[in-house]
Structures are given as structure tokens and as C-alpha cells.
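Examining the three-dimensional arrangement
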Amino acid sequence: MRLKGKTAIITGVGAGIGEAIALRFAEEGAHLVLNDIQENAGEKTRDKVEKLGAKAALVVADISQESGARSIAAAAMQAFGAIDILVNNAADFTSKSVENAEPADWQKVLGVNIIGTAMVSKFAIEHMKARGGAIVNMASMSSIIAQRDFATYNASKGGILTMTKCMALDLAQHKIRVNSICPGCIFTSASVREIERMGLTFEQWRDKVAPMHMLGRLGEPREVANAALFLASDEASFITAAHLVVDGGYTAW
Ligand SMILES: NC(=O)c1ccc[n+]([C@@H]2O[C@H](COP(=O)([O-])OP(=O)(O)OC[C@H]3O[C@@H](n4cnc5c(N)ncnc54)[C@H](O)[C@@H]3O)[C@@H](O)[C@H]2O)c1
């Protein structure tokens, strides 16, 4: 068990990649502090990890609000008395070109993806400094490439890559490693919303998107969760300020 006895905070666990990370970490023995803005979705994931034998606390909170971000670290300390791992996974998916985006669109996407990630980290770091640990920020292949009509989302995800490197530099002295993951297209509830937005059927969308990956298919949430587990575990003890691309080759050709 690679995370036995460790306490891990994971944001955005109510669906998709966050849920898969919660399940994967539970299998590896972690105590879990689960966050989502949606109560029902968060409760479903909490029930699933508890069935795997993990101890879990659920914090229903919006990470873009300072009080919400603060409540996550506070709940972790109350439930388990320590924080070893933080996975900043929750995200807003507002995707518009610069031409079409209003200030409210930028505020929404940057409020969750940049400010929310930063605030959850800020309040967790206070407690992680005591014994070191690992932070994993969910970036995206969208952090490193252009995609049509995606300027708002891609700018936020590009910011996560650079923020990760700055965090790694600032926190190295406290033995906290900070890395990010850049997934390709992973089929989740976010994909379902994107398919609806594009007015396509699932099959039409899959046949368009899958061949863009060298491996010729979409990724699965568990494949990203495995990368998060590696970066959060002691197996990645000399890795910090890095981004791990988990995109089936999408960005390399
Ligand atoms: N799905 C993909 O193809 C893909 C690709 C690259 C990167 N990512 C990244 O992976 C992460 C997870 O994506 P997903 O596809 O699983 O998304 P998803 O929409 O399926 O799930 C995200 C979860 O986060 C929660 N959430 C949203 N805003 C929140 C907030 N303000 N506070 C707390 N919780 C909030 C939602 O309620 C939801 O349960 C995101 O950071 C996303 O940018 C996803």
C-alpha cells in the first residue's frame, strides 16, 4: 500500500478524474479528505471509498471562495490531524475565444482554476510544512497547445503549469514536492457537457477526437489517477516542478 497512513485532500471528487483518484488513493491506504461543490456527488464518492475500507471526510465547498478553500484544510486537520498530500483537481470548463469572452467568463474560469487552486493550496501548505508532502495540480494538454475557442480555459490551465513550478521552488525548503499532470481527452461528465455543446452524438465526438491521440483512443479516469498516485507517492521522491503528460501522444505529433 503506497499511501498507507497518509492523509490526502482531493478536490472535485464528485465525478470523473477526481472520483477515480479518490478510489485509487483509497486502494493504497490513504485517509481521504474529499471536496466537491455538489453534495450528492461528493457523498456518492465518499460512500464508494468507505466501501474500499478508507476513512473519509467530505467537505462540500466551492474552492473559488476563500472560506470554502479554508474549510477544506480545517476539516482535514480536524479529522486526521495532518495533511500529507493535496490533489488540486476541481476545475471550471468555461471555454471561449478572447473575442467572445466577457469579464464574467474570465472571472469564473480563473476564479476556480487559478485562485481556487492557489487558495486551497495556501491553507493546506500551512499544515504540510510540518512534515513535508506532495501537491499534484491537474493541468491539461490544454496547458501546452492552442485549441479553437478555448482561450479562457487554456489560459487558466497554462497558468497552472507555471504556478506549479513557482510553488515547487517556494516549497522545496519545506520538503513539499509540487507537480502537475496534463491529461489528454478523458471521458468524464465534462466530456458529456462538451459533446452537448458541440451538438454531436457520443460516437461522432469519439470518432473525431480519438484519432488525435497516437494511441487512437480516449483516456480513462483511472489512467490519470495512476499518474496522480505516482506523483503523490514516495516513488516520485526526486520529482518536483515537473509536468507529467498523460495524453496518449496527443500533444507530440
Ligand atoms: N476530462 C478531460 O478530458 C480532461 C482533460 C484534461 C484535463 N482535465 C482536468 O481534469 C480535472 C477533472 O476533470 P473531469 O473531466 O473529471 O471533470 P468533471 O466535470 O467530470 O468533474 C469535476 C468535478 O469538480 C467539481 N467542481 C467543479 N467546480 C468546483 C468548485 N468550484 N469547487 C469544488 N468542486 C468543484 C464538480 O462538481 C465535479 O464533480 C480538471 O482539472 C480538468 O481540467 C480533464
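Calculation notes
Residues numbered from 1 in each chain as written. Predicted model: local features only at pLDDT ≥ 70, side-chain atom pairs only at ≥ 80, totals over all residues. Heavy atoms only, no water. Axes fitted to C-alpha atoms, helices over the stretch in contact; angles between N-to-C directions. Helix = DSSP H or I, 4+ residues; strand = E, 2+ residues; numbered from the N terminus. Parallel < 35°, antiparallel > 145°, perpendicular 65-115°, else oblique. Left-handed = near helix turned anticlockwise from the far one by under 90°. Contact = heavy atoms within 4.5 Å. Nonpolar A, V, L, I, M, F, W, Y, C, P; charged D, E, K, R; others polar. Near = heavy atom within 4 Å. Polar contact = N/O pair within 3.5 Å; in protein donor to acceptor, adjacent residues only side chain to side chain. Areas by Shrake-Rupley, 256 points an atom, 1.4 Å probe, with all protein chains shown as cover. Domains from an automatic or database assignment. Salt bridge = Lys/Arg side-chain N within 4 Å of Asp/Glu carboxyl O. Buried < 20%, exposed > 50% of the residue type's maximum accessible area, 1.4 Å probe, protein only. Pairing = 2+ DSSP bridges. Expected span 1.5 Å × (residues − 1). Patch = residues over 30% accessible without salt bridge, like charges linked within 9 Å, V, L, I, M, F, W, Y side chains within 5 Å. Buried area = accessible area lost by both parts, 1.4 Å probe.

**Side note on the packing of helix H1 (residues 16-27) against helix H8 (residues 221-232)**
The interhelical angle for the contact between H1 and H8, taken along N-to-C directions, is 55 degrees, at an axis separation of 8 Å. As the angle between them shows, H1 and H8 are arranged oblique. Along this stretch, H1 crosses H8, giving a crossing that reads as right-handed. Residues Gly 16, Ile 17, Ala 20, Ile 21, Arg 24, Phe 25 and Glu 27 of H1 form the contact with H8, whose own contacting residues are Pro 221, Arg 222, Val 224, Ala 225, Asn 226, Ala 228, Leu 229 and Ala 232. When grouped by side-chain class, the residues that make up the contact of H1 with H8 number 10 nonpolar, 2 polar and 3 charged.

**Here we look at the site of the ligand**
Around the ligand lies a shell of 30 residues, among which Asp 36, Asn 89, Tyr 153, Thr 188 and Ser 189 are the nearest. Backbone polar atom of Asn 89 to an oxygen atom of the ligand: 2.7 Å apart, as the coordinates give it. In the environment of the ligand, an oxygen atom lies 2.6 Å from a nitrogen or oxygen atom belonging to the side chain of Tyr 153. Isolated, the ligand exposes 830 Å² of accessible area, and the fraction of that covered by the protein chains is 92%. Ranked by residue count, the leading element in the shell around the ligand is helix H6 (residues 189-198), at 3 residues. Residue-level mapping places the shell around the ligand at the junction of two domains, with at least three residues from each of domain 1 (7-184 + 219-246) and domain 2 (187-218).

**Comments concerning the pattern of salt bridges**
Counted under the stated rule, the structure contains 14 salt bridges. Asp 92 is the salt-bridge partner of Lys 108, the closest N and O atoms lying 2.7 Å from each other. You can see Lys 108 sitting in helix H4 (residues 103-128) and its partner Asp 92 sitting in the loop between strand E4 (85-88) and H4, a full 16 residues away along the chain. A relative accessible area of 46% means that Lys 108 is categorised as partly exposed. Two residues, Asp 105 and Lys 96, come together in a salt bridge whose shortest N-O distance is 3.1 Å. The class for Asp 105 is buried, based on a relative accessible area of 13%. One connected set of salt bridges, linked through shared partners, spans Arg 2, Arg 24, Glu 27, Glu 28, Arg 222 and Glu 235.

**Details of the sheet that holds E4**
The sheet built from 7 strands is open, its strands ordered E3-E2-E1-E4-E5-E6-E7 with parallel pairing. Every other strand in the sheet has two partners, leaving strand E3 (56-60) and strand E7 (243-246) as the edge strands with one partner each. Going across the sheet, the axis of each strand differs from the next one's by a mean of 15 degrees, ignoring polarity. Sheet analysis places E4 next to strand E5 (residues 133-138), joined by 4 bridges and oriented parallel. Of the residues in E5, the one forming a bridge with Leu 86 is Ile 135.

**A word on H1**
Counted at 1.5 Å a residue, the expected span for H1 with its 12 residues is 16 Å, and the 17 Å between its end C-alpha atoms agrees. Buried residues dominate H1, accounting for 10 of its 12 residues. Where H1 is buried, its residues contact strand E1 (7-11), strand E2 (31-36), helix H2 (39-51), E4, E5 and H8. Of the residues trailing H1, Gly 29 is marked for its positive phi of about 90 degrees.

**Let's talk about a nonpolar patch on the surface**
Judged by side-chain polarity, Met 214, Leu 215 and Trp 253 come together as a nonpolar surface patch covering roughly 400 Å² of accessible area. Secondary-structure assignment places Met 214 in the loop between helix H7 (202-209) and H8. On the accessibility criterion, Met 214 (45% relative accessible area) is partly exposed.

**Describing the domain arrangement of the protein**
Assigned domains of the protein: these are domain 1 (7-184 + 219-246) and domain 2 (187-218). Domain 1 and domain 2 are separated by 23 Å when their C-alpha centres are compared. Contacts between the two partners involve 12 residues from domain 1 and, on the opposite side, 10 residues from domain 2. At the boundary of domain 1 with domain 2, total buried surface from both sides reaches about 720 Å², with 50% on carbon and sulfur atoms. Inspection of the domain 1/domain 2 interface yields 1 salt bridge. Among the salt bridges present, the one from Arg 217 reaches Glu 223, with a minimum N-O distance of 2.7 Å.

**Structural notes on the environment of Gly 248**
Position of Gly 248 among the secondary structure elements: in the segment after E7. Taking C-alpha positions, Gly 248 is 7.9 Å from Leu 218, a pair spaced 30 residues apart along the chain.

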